[in-house]
Amino acid sequence: FLTEQRLFTLPVESAVVIGDGFACMATLLLATGFAKRVFLVNLTKTLIVDLVYFEKWARTTKAMQFAVATDKPGLVQAARSGFDLVGLQASNQNLISALKAKVVINIASMQEMNQEIIARYFKGMRAMKSIPAPYFYCCNRLEKKLPDGKLIRFVDYPWSPSDKVLTDEPCPWHQKFYTLRPPFYHPYNGVHWHRLVQLNPGGSLQRTEK
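None of these values were measured; they are calculated from a predicted model.

Enquirer: Would you explain helix H3 (residues 44-60) in this entry?
Expert: Residues three or four positions apart in an α-helix share a direction because the helix packs 3.6 residues into each turn. Its 17 residues give H3 an end-to-end C-alpha distance of 25 Å, which sits within 8% of 24 Å, the value for a rise of 1.5 Å per residue. Among the residues making up H3, those that are buried are Leu47, Asp50, Leu51, Phe54, Trp57 and Ala58. Along the axis of H3, the buried residues cluster in a sector spanning 125 degrees; they form a single face. Exposed residues pointing more than 90 degrees away from the buried face of H3 are listed as Lys45, Ile48, Arg59 and Thr60.

Enquirer: Where do I start with helix H4 (residues 72-80) in this structure?
Expert: Two or three places before Gly74, at the opening of H4, Asp71 has a side-chain oxygen 2.8 Å from that residue's backbone nitrogen. A positive phi of about 80 degrees marks Gly82, the residue just after H4.

Enquirer: Got a minute to help me understand a nonpolar patch on the surface in this structure?
Expert: A surface patch of nonpolar side chains, amounting to about 440 Å² of accessible area, comprises Phe22, Ile48, Val49, Val52 and Tyr53. Considering the arrangement of structural elements, one finds Ile48 in helix H3.

Enquirer: Would you mind showing me how to read the side chain of Asp20 here?
Expert: When you line up the elements, Asp20 lands in the loop between strand S1 (12-18) and helix H2 (24-31). Salt bridges are absent for the buried Asp20, whose nearest opposite-charge side chain, Arg37, sits at 15 Å. Within the structure, Asp20 has its side chain in polar contact with the backbone nitrogen of Ala26 (distance 2.9 Å). Ignoring anything within four residues of it in the chain, the contact list for Asp20 reads Met25, Ala26, Leu40, Asn42, Thr46 and Asp50.

How each quantity is defined
- Residues numbered from 1 in each chain as written.
- Predicted model: local features only at pLDDT ≥ 70, side-chain atom pairs only at ≥ 80, totals over all residues.
- Heavy atoms only, no water.
- Helix = DSSP H or I, 4+ residues; strand = E, 2+ residues; numbered from the N terminus.
- Expected span 1.5 Å × (residues − 1).
- Buried < 20%, exposed > 50% of the residue type's maximum accessible area, 1.4 Å probe, protein only.
- Arc of directions from axis to C-beta.
- Polar contact = N/O pair within 3.5 Å; in protein donor to acceptor, adjacent residues only side chain to side chain.
- Patch = residues over 30% accessible without salt bridge, like charges linked within 9 Å, V, L, I, M, F, W, Y side chains within 5 Å.
- Areas by Shrake-Rupley, 256 points an atom, 1.4 Å probe, with all protein chains shown as cover.
- Salt bridge = Lys/Arg side-chain N within 4 Å of Asp/Glu carboxyl O.
- Lys, Arg positive; Asp, Glu negative; His and termini not counted.
- Contact = heavy atoms within 4.5 Å.

Worth remembering: the numbers are spatial, not functional.
Written as structure tokens, this is what we have:
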């Protein structure tokens, strides 16, 4: 998609994936040559699973290495050392503001966060050192009620009227989930929306109803 839009030259130097499953997106970005390096942010236990599966893939293809950064010096060192994948625990998500990533991707995990955590990620992305500002691809359910009863809505994310919107529509590829039993594919309980924007570093909050 990004290639078709010709937004920038591939491969990008760095990309960030916020919330992955079995390192699927991180691996895809590296395997296709989309990105030279991926920074993967996830909850600690899930991050361990991501790294285990990434290592399994790396061993069967070509020698790729990963590291885990827990502070800014470690993050800088990991980037300079040429690691292909750098893991960040979600508790250290504030470190993403020190990155110079061209693209940030989040698929179906912000809908699991409360609004305060989502706001922290947006603040970190807008503070990135990237020039020009990073592109953010976000695909999440339009609304979802968390176990504590709070309703998380896509339109309530900290979007800004000064963000450059390139795509904003129901996601054509993420409306169903699969199981091992027939009929195999089932519709999600709620519409998934996707939006591709170029974030404005100084953008202010705006709500846009769907």
